[in-house]
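Here is how the chains run, residue by residue.
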Amino acid sequence: MSGTTYPDSKPLPASARVGIGQVNLTDLADRYGSDKGSTKHRYSELYQMLFLPLRDKSLRFLEMGLQIGGPEMGESADRKTTDVPSIRMWLEYFPRAEIYGLDVSDFSWFEAPRFQFIRCDMDDRAKIAEAKDTLPELDVILDDASHASHHQQNAFLELFPKLTSGGLYIIEDLRWQPRPYEKPGITKTAALFSEYAKTGVFTHSDPEISAEFAKHRQDISGVFMFQVRYDKKRRDQVAVIHKR
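Below you will find a few notes about this structure. Note on numbering: residues in each chain are counted from 1, in written sequence order. Local features in a predicted model are, by the rule used here, given only for residues with pLDDT of at least 70; side-chain atom pairs are given and counted only at 80 or more, and totals for whole chains, interfaces and linings are based on all residues. Working from all heavy atoms in the structure, the side-chain values ignore hydrogens and water.

Pairing of aromatic rings covers Phe, Tyr and the six-membered ring of Trp, with a centre-to-centre limit of 6.5 Å; geometry is then stacked below 30 degrees between planes, edge-to-face above 60, and tilted otherwise. For the structure shown, the criterion picks out 23 aromatic pairs. Both rings, one in Phe-107 and one in Phe-117, keep their centres 5.9 Å apart while their planes meet at 65°; by these two values the pair is edge-to-face. On the criterion of sequence distance, the pair formed by Phe-107 in the loop between β2 (98-103) and β3 (115-119) and Phe-117 in strand β3 is long-range, its members being 10 residues apart. Between Phe-156 and Phe-213, the ring centres sit 5.4 Å apart and the planes meet at 10°, which makes this aromatic pair stacked. Here the residue Phe-156 occupies a position in helix α5 (residues 149-159), and Phe-213 occupies one in helix α7 (residues 207-214), the gap between them amounting to 57 residues. Relative accessible area serves as the criterion here: at 0%, Phe-156 is assigned to the buried category. Throughout, exposure labels follow a simple rule: accessible area from a 1.4 Å probe, protein chains only, divided by the maximum for the residue type, with under 20% read as buried, over 50% as exposed, and the rest as partly exposed. With relative accessibility at 0%, the residue Phe-213 sits in the buried group. Only Lys NZ and Arg CZ are tested; either one counts as a charge over a ring when it is within 6 Å of the ring centre and within 35 degrees of the ring normal. Across the ring face of Phe-160, the terminal group of Lys-243 is positioned such that the distance to the ring centre comes to 4.9 Å. Secondary structure is summarised from DSSP: a helix means a run of H or I of at least four residues, a strand means a run of E of at least two, and numbering begins at the N terminus for each.

What follows is the structure, given as structure tokens:
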């Protein structure tokens, strides 16, 4: 901590922990400006526990949603994109992984060894299915795209089968849905998985979607809901689904 003294009555800043222990994902998130780090969502604290044992493996990792903004924030899908902070973070954190990025906006300008970009409109399930056909089997899938409930659910139904046994499917920001996309009356993804975690049954306002999710129950090892700071007023909630 470079000789700096911090009072016990105040939280220890993330920057004070740099250099202690193994490579820490929060350090990388803060360095690259990812909102998964200590300055906003703090998801990196959960991911450090989940991913540290996987760091040096030759895994395949997909993230959906590569930069804040886009149609869910009232911007054009053809907006000018300028950075891929989380992708840069994953490339450094997983030195042997193949990283795939999927977004409605164009990020084809970003080129790096071990990275492949796929452009896809999450509002069109057929497009998600097309994207799925271009992907290999995946070890980790992380949905940080629009956060619209039907986008999240369509993505899960299409992509969960691509997950390898023992793989992780993660959905971020479950307590925030964008007004431009969210459909009235649809079951929220947080409610869908919370109910499943409690009862073992998927209950959805659309019986056909309930039936589609039910088909995946035999492949689900467990569902875990993580609430940042255990504060239900916060929007920082994550679902982690573990595949058998």
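The next subject is the pairing of strand β7 (residues 237-243). Most of β7 sits inside the fold, with six of its seven residues counted as buried. Sheet topology note: the strand β5 (residues 163-171)/β7 ladder contains four bridges and is antiparallel. Its bridge partner being in β7, Ile-171 is matched across the sheet by Ala-239. Two strands qualify as a pair provided DSSP detects at least 2 bridges between them. Both strand β6 (residues 220-227) and β7 contribute to a ladder of seven bridges, which runs antiparallel. Residue pairing for β7: Gln-227 is matched across the bridge by Gln-237.

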